[in-house]
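Letter by letter, the chains look like this.
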Amino acid sequence: MVRRATILLVGTLLAILQSPAVATSQTFQQSSVDNQQIQSGDVTAGQTLDVVTADTTTATTAAGANGYSAQVQSGSLDVQSVQTANGNVSANATLNVSGSSGSTVMTTSATGNTGENDSLGFADLTGRLTQTTGVVSIDAESQINADNAAAANISHSVQAMGNSQEIATVGGSATMQSDQTNQATVQANGGAVIGYTGDDQSTFSSVAMGNNLTATGTSGATTGLTLNQTNTGDFIQ
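Residues numbered from 1 in each chain as written. Predicted model: local features only at pLDDT ≥ 70, side-chain atom pairs only at ≥ 80, totals over all residues. Heavy atoms only, no water.

Asker: Could you give me a rundown of the overall build of the protein chain, with the residues and numbers involved?
Answerer: A count of helical and extended segments in the protein chain gives zero helices and 14 strands. Order of helices (α) and strands (β) in the protein chain, N terminus to C terminus: β-β-β-β-β-β-β-β-β-β-β-β-β-β. Buried residues in the protein chain amount to 46% of all 237 residues. Across the protein chain, every contact between residues at least 6 apart in sequence was considered, and the portion connecting residues at least 24 apart equals 84%. Surface accessibility of the protein chain: about 10,800 Å² in total, with carbon and sulfur atoms responsible for 48%. (Helix = DSSP H or I, 4+ residues; strand = E, 2+ residues; numbered from the N terminus. Buried < 20%, exposed > 50% of the residue type's maximum accessible area, 1.4 Å probe, protein only. Contact = heavy atoms within 4.5 Å. Areas by Shrake-Rupley, 256 points an atom, 1.4 Å probe, with all protein chains shown as cover.)

Okay, here's the thing in structure tokens:
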């Protein structure tokens, strides 16, 4: 039996722009995304799973204040994005096992602001990306309670982030500025008490970050980025 859980994500924008590959005049189309997101209320995702016996147990719990994805296939794309998260964000997951949960995957994440900017197929990216979290709490908690039970091939991941931005370029260029300011307390806590796991391999991870930016370039891509990150939260753990 497979047990799956829900995902809660508030304020998500998806923009996929496909410009003509080559016009007859050999010019490319300029596309643009203007994203303005403000989340003032609290965002919460939580669940408890009680398992007696299962072959596979999967639980995904995600809470996010603001998120967008902008992609371009060819030509060029300019992204102007401002994201502000002024509410608490929390994700909480608990797995109680009395017999065996079988192969077990638990993924729990809480994020203030997320952005994804992709150039797919030698297109060019430009823009300015601004992310700000207020004086709030961003918290991810996950616990496996199986002290008198069994689980196998456990993958247990807990992640909490104030701001996260991704810039990926395939063959084209990326010339962008990213400004990230985190004022939130950010914490990721994971725990497990398991009676028996057998000879299988299991992994456990817990990651907390105030600001994160990931930039990749392949197929001869060129990247010119201006990055500013500020963290004034009480603690990150």
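Moving on from the coordinates now.
Asker: Run through the environment of Thr232, naming residues and quoting values.
Answerer: As for its placement among the helices and strands, Thr232 is situated in the segment after strand S14 (222-231). Expressed as a C-alpha distance, the spacing of Thr232 and Gly134, which sit 98 residues apart in the sequence, is 9.9 Å. Leaving out residues up to four positions away in the same chain, Thr232 has contacts with Asn182 and Gln183.

Asker: Outline unusual backbone geometry, supporting the account with residue identities and numerical values.
Answerer: For Phe122, which is not glycine, the phi dihedral falls at a positive 65°. Position of Phe122 relative to the elements: it lies in the loop between strand S8 (89-119) and strand S9 (124-133). A positive phi angle, close to 55°, is found at Ser219, a residue other than glycine. Considering the arrangement of structural elements, one finds Ser219 in the loop between strand S13 (203-218) and S14. Residue Ser219 is classed as exposed on the basis of its relative accessible area, which comes to 52%.

Asker: I'd like a rundown of the sheet that holds strand S4 (residues 30-39), residues and numbers included.
Answerer: Sheet strands pair by backbone hydrogen bonding; their relative direction is either parallel or antiparallel. Here five strands make up an open sheet; going across it, the order is S4-S7-S9-S11-S14 and the pairing parallel. Edge positions in the sheet fall to S4 and S14, since each has one partner strand and no second. On average, each strand axis in the sheet is inclined to that of its neighbour by 5°, with strand direction left out of account. (Pairing = 2+ DSSP bridges. Axes fitted to C-alpha atoms, helices over the stretch in contact; angles between N-to-C directions.)

Asker: Residue-level account of the pairing of strand S6 (residues 56-72), with values.
Answerer: Regular strands show a simple pattern: their side chains alternate between the two faces of the sheet. Of all 17 residues that make up S6, 15 are buried, and the element is covered over most of its length. As paired elements, S6 and S8 share 16 bridges and run parallel to each other. Paired with Thr56 across the two strands is Ser103, which belongs to S8.

Asker: Give me the lowdown on the pairing of strand S11 (residues 173-182), citing residues and values where you can.
Answerer: Along S11, seven of the ten residues are buried, which leaves the element largely enclosed by surrounding structure. Here S9 pairs with S11 via ten bridges, running parallel. Within the sheet, the bridge partner assigned to Thr130 lies in S11 and is Asp179. When S11 meets S14, the two strands line up parallel, connected through ten bridges. Within S14, the position partnered with Gln180 by the bridge is Gln229.

Asker: Residues and numbers for the environment of Ser219, please.
Answerer: As a C-alpha pair, Ser219 and Phe122 span 97 residues in sequence and 8.5 Å in three-dimensional space. Aside from chain neighbours lying at most four places away, what touches Ser219 is Phe122, Val170 and Gly171.

Asker: Break down the nonpolar core for me, citing the residues and quoting the values.
Answerer: By size, the foremost hydrophobic cluster in this structure holds 16 residues, and its most contacted members are Ala63, Val89, Ala110, Ile138 and Ala160. Among the elements of the structure, strand S5 (43-53), S6, S8, strand S10 (137-170) and strand S12 (185-196) are those that each provide at least two residues to this core. Residue contributions to this core peak at four residues, all from S10. Sequence-distant contacts of Ile138, that is, excluding residues within four places in its chain, are made with Val89, Ala110, Thr111, Gly112, Thr133, Ala160, Met161, Gly162, Ala184, Thr185, Val186 and Gln187. (Core = buried A, V, L, I, M, F, W, Y, C linked by side-chain atoms within 4.5 Å.)

Asker: An account of the side chain of Asn211 is needed here, citing residue identities and associated values.
Answerer: Among the secondary structure elements, Asn211 is positioned in strand S13. Under the relative-accessibility criterion, Asn211 is labelled buried at 15%. Side-chain polar atoms of Asn211 contact the side chain of Asn163, separated by 2.9 Å. Within the structure, the side chain of Asn211 is placed 3.0 Å from the backbone oxygen of Thr230, a separation counted as a polar contact. Those residues in contact with Asn211 that lie beyond four places of it in its chain are Asn163, Gln180, Thr181, Asn182, Gln229, Thr230 and Asn231. (Polar contact = N/O pair within 3.5 Å; in protein donor to acceptor, adjacent residues only side chain to side chain.)

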